[in-house]
Amino acid sequence: MSRKDARTKAVELMDRVRIPGAAQRVRDYPHQFSGGMRQRIMIAMALALEPALIIADEPTTALDVTVQAQVMDLLAELQRELHMGLILITHDLGVVADVADKIAVMYAGRIVESAPVHDIYKAPAHPYTKGLLDSIPRLDQKGQELYAIKGLPPNLMHIPPGCAFNPRCPMAQDVCRTDEPELYEVDQHRGSACHFWRECLNG
């Protein structure tokens, strides 16, 4: 590809991810773009090879709420237009509700719950998932203290025996400290790695 063709391609990709004045800004340096614009440039770079799947690792980190929404809307739009898969890696369940079809929640390097997105938000089947959802700020709880999961994540070199979440889990019992739970089948499309997933789901 010639330099002229490469520049034309870059401008097209920048236009596609909604960089204003792409033709004039194609030679700008990273420090001349805002954080949101830099994220858009990274998305444009990922699109350059026309992938069938994009893995977006924390695409909204360090962005304000408005820009977060714009980036997530852009990813969803590109996914629909290009018919590509999207794996979104994030610590914030609040940003994926309108984008994901299915969520896999991980703790200490292991999937602890996997379910269709609406099932997760409606009724989590693992205490860690429930803790994550409870920690999302809500408008109807304005002025109240934010919930936080107690304790600290485990050292991955020294994961506790049994369920890795047991030192922080409000539902933990003796079996949780000795036996690592399998990924139990909650239903046909859902799994939970909790000995007491029924109790969590119901309450």
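Refer to the preceding data block for the structure.
Residues numbered from 1 in each chain as written. Predicted model: local features only at pLDDT ≥ 70, side-chain atom pairs only at ≥ 80, totals over all residues. Heavy atoms only, no water.

1. Some points on the packing of helix α3 (residues 35–47) against helix α4 (residues 65–82)
Part 1 of the argument: Contact pair α3 / α4: the axes reach a minimum separation of 10 Å and the direction vectors enclose 15°. Taken together, the axis directions place α3 and α4 in an arrangement best described as roughly parallel. Like other packed secondary-structure pairs, α3 and α4 cross with a definite hand, here right-handed. Where α3 abuts α4, its residues G36, Q39, R40, I43 and L47 lie against V67, Q70, V71, L74, L75, L78 and L82.
Part 2 of the argument: Its residues placed into classes, the contact of α3 with α4 shows eight nonpolar, three polar and one charged. (Axes fitted to C-alpha atoms, helices over the stretch in contact; angles between N-to-C directions. Helix = DSSP H or I, 4+ residues; strand = E, 2+ residues; numbered from the N terminus. Parallel < 35°, antiparallel > 145°, perpendicular 65-115°, else oblique. Left-handed = near helix turned anticlockwise from the far one by under 90°. Contact = heavy atoms within 4.5 Å. Nonpolar A, V, L, I, M, F, W, Y, C, P; charged D, E, K, R; others polar.)

2. Description of the pairing of strand β4 (residues 110–116)
Part 1 of the argument: Summarising the sheet, strand β3 (residues 102–107) and β4 pair through six bridges and their orientation is antiparallel. The partner of A104 across the bridge, within β4, is S114.
Part 2 of the argument: Between β3 and the antiparallel strand that follows it, β4, lie two residues; A108 among them carries a positive phi value of about 55°.
Part 3 of the argument: Both β4 and strand β6 (residues 190–192) contribute to a ladder of two bridges, which runs antiparallel. Bridge assignment links S114 to a residue of β6, and that residue is G191. (Pairing = 2+ DSSP bridges.)

3. Some points on the environment of A193
Part 1 of the argument: Mapped onto the elements of the fold, A193 is located in the loop between β6 and α8 (197–201).
Part 2 of the argument: We classify A193 as buried; its relative accessible area is 2%.
Part 3 of the argument: For the pair formed by A193 and V65, sequence separation is 128 residues and the distance between their alpha carbons is 32 Å. (Buried < 20%, exposed > 50% of the residue type's maximum accessible area, 1.4 Å probe, protein only.)

4. Comments concerning the layout of surface pockets
Part 1 of the argument: When its volume is computed, the largest pocket comes out at roughly 600 Å³.
Part 2 of the argument: Taken together, 23 residues make up the lining of the largest pocket; nearest its centre are L88, I89, T90, I103 and A104.
Part 3 of the argument: Those elements that place two or more of their residues in the lining of the largest pocket are β2 (85–89), β3 and α6 (127–134).
Part 4 of the argument: Residue contributions to the lining of the largest pocket peak at five residues, all from β3.
Part 5 of the argument: Counted by class, the lining of the largest pocket contains 15 nonpolar, three polar and five charged residues. (1 Å grid on protein atoms, 1.4 Å probe; cavity = no way out; pocket = protein on both sides within 12 Å on 5 of 7 lines; lining within 4 Å. Points joined across faces, edges and corners; volume = space filled by probe spheres on them.)

5. Details of empty space enclosed by the protein
Part 1 of the argument: Across all of its chains, the model carries one cavity of 30 Å³ or more by this definition.
Part 2 of the argument: Space inside the largest cavity adds up to approximately 70 Å³.
Part 3 of the argument: As for the largest cavity, its lining consists of 13 residues, and the residues nearest its centre are P127, C163, C169, C176 and C194.
Part 4 of the argument: For the lining of the largest cavity, the residue count by class is 10 nonpolar, three polar and no charged.

6. Examining unusual backbone geometry
Part 1 of the argument: Although it is not a glycine, E58 sits at a positive phi angle of roughly 50°.
Part 2 of the argument: The backbone of H83 sits at a positive phi, close to 55°, despite the residue not being glycine.
Part 3 of the argument: By secondary structure assignment, the location of H83 is in the loop between α4 and β2.

7. Things to note about the nonpolar core
Part 1 of the argument: Counting 26 residues, the largest nonpolar core has I103, V105, Y128 and F165 as the members making the most contacts within it.
Part 2 of the argument: When contributions to this core are tallied by element, the ones reaching two or more residues are β3, β4, α5 (117–122) and α6.
Part 3 of the argument: The residues contacting Y128, other than those within four sequence positions of it, are V105, M106, Y107, V112, I149 and F165.
Part 4 of the argument: M14, I19, M37 and V71 belong to the second-largest nonpolar core, a separate cluster that totals 22 residues. (Core = buried A, V, L, I, M, F, W, Y, C linked by side-chain atoms within 4.5 Å.)

8. Overview of the pattern of salt bridges
Part 1 of the argument: Enumeration according to the criterion identifies six salt bridges in this entry.
Part 2 of the argument: Two residues, R110 and E180, come together in a salt bridge whose shortest N-O distance is 3.3 Å. Note that R110 is positioned in strand β4 and E180 in the loop between α7 (174–178) and β5 (184–187), a separation of 70 residues in sequence.
Part 3 of the argument: Take R110: its relative accessible area is 26%, and that puts it in the partly exposed class.
Part 4 of the argument: Where E113 meets R190, a salt bridge forms, and the shortest distance between an N and an O atom there is 2.7 Å. Placement of the pair is E113 in strand β4 and R190 in strand β6, with a sequence separation of 77 residues. (Salt bridge = Lys/Arg side-chain N within 4 Å of Asp/Glu carboxyl O.)

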